[in-house]
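# Structural features, examined
Read off the chains here:
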Amino acid sequence: MILILLGAPGVGKGTQGQLISKEFSIPQISTGDILRKEVKEETELGKKAKSYMDSGALVPDDIIVGMMEKRIKEDDCKNGFILDGFPRTTAQAEALDEMLSKNGLNLDSVLLIDVPEEEIIERLTGRRVCPNCGAVYHVKYNPPKNDNICDKCSTQLIQRDDDTESVVRNRLKVYQDSTAPLIEYYEKTNKLVKIDGMGDINDIFANIKEVLK
Ligand code: AMP
């Protein structure tokens, strides 16, 4: 099964991707997570990507496409994968089409998760993440049991640099300008399914499971 999770930053692609990954035993490939790891490890790729990420801009297509070409050939992708945060431009979508056809693979579904903009801003600015295990919390809607400490691994939680309000607003503009056109791109393939991203995480997941059946 090959899936794309599409939608603005903060609609829950990461959260739903984790649940889908567990349910269907296929990896969730988050370009944002891969890039953040490269930045943390100060690799060549990370150094190139950092300034774009800090301002909420997109990392150039050639960097992202090269990175993904390598990633989907890894062993754990044999039975499929979930793309979270990729593609984000028409050029990336075209490159993905080419990658898949070259490898004899087929895209099954594109889940477009929809959440109103004001809700997204509240979600992202209140988001806290564990820099060690990647668990995601929200100060109001999903707080950890102990203040600012990860429930899973007891690491101090952090706010992502790009989750501050001004950067979030820029990321939303970048989404509208560069990524929203992909809705039409995938509508034409008849693979696009719209998912309401408001409400309880488990209810949204139940809805997704229904669609994937
Ligand atoms: P995310 O965690 O998906 O919100 O991604 C965080 C940041 O990583 C984005 O704001 C971009 O700077 C960069 N990024 C992630 N995925 C892509 C992509 N497919 N194309 C370009 N930049 C990306």
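Model, not experiment: these values are computed from the prediction. Along each chain, the written sequence defines residue order, and numbers are assigned to residues from 1. Per-residue local features of the predicted model are confined to residues with pLDDT of at least 70, and side-chain atom pairs are confined, for both listing and counting, to 80 or more; whole-chain, interface and lining totals are unaffected and use all residues. Excluding hydrogens and water, the side-chain values take into account all heavy atoms of the structure.

## A word on the nonpolar core
Nonpolar cores are built from buried Ala, Val, Leu, Ile, Met, Phe, Trp, Tyr and Cys residues. Side-chain atoms within 4.5 Å join them into one set. Here the term buried applies to any residue with accessible area under 20% of the maximum for its type, exposed to any over 50%, and partly exposed to those in between, with areas from a 1.4 Å probe on protein chains only. Residues I20, F81, L83 and Y186 are the most contacted members of the largest nonpolar core, which totals 52 residues. Ignoring sequence-local partners within four residues, the contact set of Y186 consists of I4, L6, P87, A93, L96, L107, V110, K191 and L192. One finds C130, A135, C150 and L157 within the second-largest nonpolar core, a separate group that totals five residues. Residue contacts are defined here by distance: any two heavy atoms, one from each residue, within 4.5 Å place the two residues in contact.

## Some words on the site of the ligand
For each residue, the test is whether any non-hydrogen atom lies within 4 Å of the molecule or strand; if one does, the residue is near. Around the ligand sit 16 residues, and of these T31, R36, A57, G85 and Q92 come closest. Whenever a nitrogen or oxygen atom comes within 3.5 Å of another N or O atom, the pair is scored as a polar contact, on the condition that within protein one atom can donate a hydrogen and the other can accept it, and that pairs from neighbouring residues in sequence are kept only if both atoms are in side chains. Note that a nitrogen atom of the ligand is positioned 2.8 Å from one of the backbone N or O atoms of G85. Burial of the ligand by the protein chains amounts to 96% of its free accessible area of 480 Å². Under this grouping Gly is polar, as are all residues other than the nonpolar Ala, Val, Leu, Ile, Met, Phe, Trp, Tyr, Cys and Pro and the charged Asp, Glu, Lys and Arg. Here the residues of the shell around the ligand sort into seven nonpolar, four polar and five charged. With residues, only the protein chains shown are counted as cover, and all accessible areas are computed by Shrake-Rupley using a 1.4 Å probe.

## So, the pattern of salt bridges
Pairs may arise between side chains of opposite charge once their charged atoms sit close together. The working definition used for a salt bridge is a side-chain nitrogen of Lys or Arg within 4 Å of a carboxyl oxygen of Asp or Glu. One pass over the structure, following the stated rule, counts 18 salt bridges. Two residues, R71 and D76, come together in a salt bridge whose shortest N-O distance is 2.8 Å. Owing to a relative accessible area of 16%, R71 belongs among the buried residues under this scheme. Between K213 and E210 there is a salt bridge; the shortest N-O distance is 3.6 Å. The burial state of K213 is the same as that of E210; both residues are exposed.

## Some details on the layout of surface pockets
Points on a 1 Å grid over protein atoms alone make up a cavity when a 1.4 Å probe fits among them but cannot get out, and a pocket when they form an open set with protein on both sides within 12 Å along at least five of seven lines; lining residues each have an atom within 4 Å of a point. Grid points are joined across faces, edges and corners, and a volume is the space filled by probe spheres set on the points. By volume, the second largest pocket amounts to about 190 Å³. Taken together, I34, K37, E38, E41, L45, G66, M67, K70, R71 and E74 make up the full set of residues lining the second largest pocket. Counting from the N terminus, the helices are the DSSP runs of H or I reaching at least four residues and the strands are the DSSP runs of E reaching at least two. Within the residue set of the lining of the second largest pocket, elements represented by two or more residues are α2 (31–40) and α4 (61–71). The element best represented in the lining of the second largest pocket is α4, accounting for four residues. Residues belonging to the lining of the second largest pocket are distributed by class as follows: three nonpolar, one polar and six charged.

## A few points about the side chain of T89
Checked against the element boundaries, T89 lands in the loop between β3 (81–84) and α5 (90–102). For T89, the side chain forms a polar contact with the side chain of D61, separated by 3.0 Å. Side-chain polar atoms of T89 contact the backbone nitrogen of Q92, separated by 3.0 Å. In this structure T89 touches L58, D61, S178 and L182, once residues within four positions along its chain are discounted.

## Here's the deal with the sheet that holds strand β1 (residues 2–6)
Think of a sheet as strands paired side by side through backbone hydrogen bonds, with each pair either parallel or antiparallel. When DSSP locates at least two bridges between a pair of strands, those strands are taken to pair. Taken in spatial order, the five strands line up as β2-β3-β1-β4-β7 in an open sheet, and their pairing is parallel. Every other strand in the sheet has two partners, leaving β2 (28–30) and β7 (192–196) as the edge strands with one partner each. Each adjacent strand pair in this sheet contributes to an overall mean axis angle of 25°, direction not counted. With four bridges connecting them, β1 and β3 associate as parallel partners. The partner of I4 across the bridge, within β3, is L83. Note on geometry: axes are lines fitted to C-alpha atoms, helical ones only across the stretch in contact, with angles between N-to-C directions running from 0 to 180 degrees.

All we've got here are geometric facts, nothing functional implied.
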